[in-house]
Amino acid sequence: QVQLVESGGGLVQAGGSLRLSCAVSGTTFSINGIGWYRQAPGKQRELLGSISSGGVTNYADSVKGRFTISRDNAKNTAYLQMNSLKPEETAVYSCNVRNSYGIVIAWGQGTQVTVSS
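First, a word on scope: everything that follows refers to the structure included in this document. Note that the structure is predicted; figures quoted are calculated from it, not measured.

## Quick notes on the environment of Ser17
(1) Moving on: As for its placement among the helices and strands, Ser17 is situated in the loop between strand 2 (10-13) and strand 3 (18-26).
(2) Moving on: In the structure, Ser17 is positioned 50 residues away from Phe67 in sequence and 9.5 Å away in space, judged by C-alpha atoms.
(3) Moving on: Beyond its immediate stretch of four places on either side in the chain, Ser17 contacts Val12, Gln81, Met82, Asn83, Ser84 and Leu85.

Given below as structure tokens:
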């Protein structure tokens, strides 16, 4: 089994930055891609971006140029650096991992990010 734990959320002013972490433990050899998502109250979950085992990243247009995804394979941890945050980006941010077939095998519990105006 694979377990994910997100951390780094909190309260930040508009225009500020936060770095979230997604620590992966368990049977990590099966992991390929790691994705970051957010879900605001009353809204659908939104894919923010992902990073492959080789470090290739993809981003949603809404965060491109402001958010950066990285991973430290030695620490089994992925990161989401968020800059220039906006109040409407207040949400629960979570990560998931996929195997080499693209199947989601685990989700984290999420971490709250609140952006004040």
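## Considering the environment of Ile105
(1) Moving on: Mapping Ile105 onto the fold places it in strand 10 (residues 104-107).
(2) Moving on: Using a relative accessible area of 34% as the deciding quantity, one classes Ile105 as partly exposed.
(3) Moving on: Separated by 34 residues in sequence, Ile105 and Arg71 place their C-alpha atoms 18 Å apart.

## Details of the packing of aromatic side chains
(1) Moving on: For the structure on display, the rule yields 1 aromatic pair.
(2) Moving on: Measuring from ring centre to ring centre gives 4.8 Å for Tyr37 and Trp107, while their planes differ by 55°; the resulting arrangement is tilted. Remark: Trp107 occurs in strand 10 and Tyr37 occurs in strand 4 (residues 34-39); sequence separation between them is 70 residues.
(3) Moving on: Using a relative accessible area of 10% as the deciding quantity, one classes Tyr37 as buried.
(4) Moving on: Here the guanidinium or amino end of Arg45 rests over the ring plane of Tyr37, the centre of that ring lying 5.9 Å away.
(5) Moving on: Across from the ring centre of Trp107, 3.9 Å away, lies the NZ or CZ of Arg45, which sits over that ring.

Conventions adopted
Here the residue numbers are simple positions, counted from 1 along each chain's written sequence. Only residues with pLDDT of at least 70 are given local features in this predicted model, and only at 80 or more are side-chain atom pairs given and counted; all residues enter the totals for whole chains, interfaces and linings. The basis for every side-chain value is the complete set of non-hydrogen atoms in the structure, without hydrogens or water. For the purposes of this entry, the term helix denotes a DSSP run of H or I that reaches at least four residues, the term strand denotes a run of E that reaches at least two, and both are numbered from the N terminus. A contact between two residues is defined here by any heavy atoms of the two lying within 4.5 Å. A 1.4 Å probe rolled over the protein chains alone gives each residue an accessible area, and that area as a share of the maximum for its type sets the label: buried under 20%, exposed over 50%, partly exposed in between. Stacked, edge-to-face and tilted labels apply to pairs of Phe, Tyr and Trp rings (six-membered ring for Trp) whose centres lie within 6.5 Å, assigned for plane angles under 30 degrees, over 60, and everything in between, in that order. A ring is considered to have a charge above it if a Lys NZ or an Arg CZ atom is located within 6 Å of its centre and within 35 degrees of its normal.

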